[in-house]
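Examining the three-dimensional arrangement
Chain by chain, the residues:
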Amino acid sequence: VVKSIANNNRAITVKTDDGLIAVIHIGTKFSNVADLSSTVLKVAVNDRIEAGQIICVTDIEKAAADGRDLTLLMIISNYDCLKSFSVNYGRVDSVNVPAAVYDL
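Below is a short write-up of the structure. (Residues numbered from 1 in each chain as written. Predicted model: local features only at pLDDT ≥ 70, side-chain atom pairs only at ≥ 80, totals over all residues. Heavy atoms only, no water.)

This brings us to the overall build of the chain. What the chain contains, in helices and strands, is 1 helix and 8 strands. Counting from the amino terminus, helix and strand elements in the chain follow one another as β-β-β-β-β-α-β-β-β. Against the globule reference of 13 Å for 104 residues, the chain gives a C-alpha radius of gyration of 14 Å, in line with a compact fold. Its C-alpha atoms give the chain principal-axis dimensions of about 40 × 30 × 25 Å. (Helix = DSSP H or I, 4+ residues; strand = E, 2+ residues; numbered from the N terminus. Rg over C-alpha atoms; globule rule 2.2 N^0.38 Å.)

Structure, rendered in structure tokens:
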């Protein structure tokens, strides 16, 4: 479930049914760009999202031209409850490939 959206719609906090809380942050540098339309959210607060669902779409060329950093951060706020955690690094071209896999 999407719990909050902050930082000019670039920080999306989600809580899984099993209690994991993650913040997904899109980009780390915004320069002085007033137009942040290169990233469009596809979710809202209280939306229930499913594995593989698209939560935002970014025009990578426009974002890079605007001087934005293209790093995607995933921050686990209650990591102490994890037994294991692994990340799929690099570009993911399929909604069937998870960004990360964990066990509580």
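Okay, back to it.
Next up on the list: the pattern of salt bridges. All chains considered together, the criterion is met by 1 salt bridge. Note that D17 is salt-bridged to R48, the shortest N-O span being 3.0 Å. Separated by 31 residues along the polypeptide, D17 in the loop between β2 (11-15) and β3 (21-26) and R48 in the loop between β4 (39-41) and β5 (56-58) bring together distant segments of the chain. (Salt bridge = Lys/Arg side-chain N within 4 Å of Asp/Glu carboxyl O.)

So, about the nonpolar core. Formed by V2, I12, V14, L20, A22, I24, I26, L41, V43, I55, I76 and L82, the largest nonpolar core amounts to 12 residues. Elements represented by at least two residues in this core include exactly β2 and β3. Here this core takes 3 residues from β3, the largest share from any one element. Residues contacting L41, with those up to four places away along its chain left out, are I5, N9, I12, I55 and C56. (Core = buried A, V, L, I, M, F, W, Y, C linked by side-chain atoms within 4.5 Å. Buried < 20%, exposed > 50% of the residue type's maximum accessible area, 1.4 Å probe, protein only. Contact = heavy atoms within 4.5 Å.)

For β2, the tally of buried residues reaches 4 of 5 residues, placing the bulk of the element in the interior. Summarising the sheet, strand β1 (residues 2-6) and β2 pair through 4 bridges and their orientation is antiparallel. In the strand pairing of β2, I5 is matched with I12. The antiparallel hairpin formed by β1 and β2 contains 4 residues in its connecting segment, where N7 sits at a positive phi of about 55°. Relative to β3, β2 runs antiparallel, the two sharing 5 bridges. Looking at β3, one finds that T13 is bridged to V23. Here β2 hands over to β3 after 5 residues, with G19 in that stretch at a positive phi of 100°. (Pairing = 2+ DSSP bridges.)

Overall, antiparallel pairing links the 4 strands, which are arranged β1-β2-β3-β6 in an open sheet. The open sheet is flanked by β1 and β6 (72-76), the only strands paired with a single partner. Mean inter-strand twist for the sheet, computed between neighbouring axes without regard to direction, equals 15°. (Axes fitted to C-alpha atoms, helices over the stretch in contact; angles between N-to-C directions.)

Glancing now at the environment of D66. If you trace the backbone, D66 turns up in the loop between α1 (60-65) and β6. A relative accessible area of 22% means that D66 is categorised as partly exposed. With 50 residues separating them in the primary sequence, D66 and T16 have C-alpha atoms 33 Å apart.

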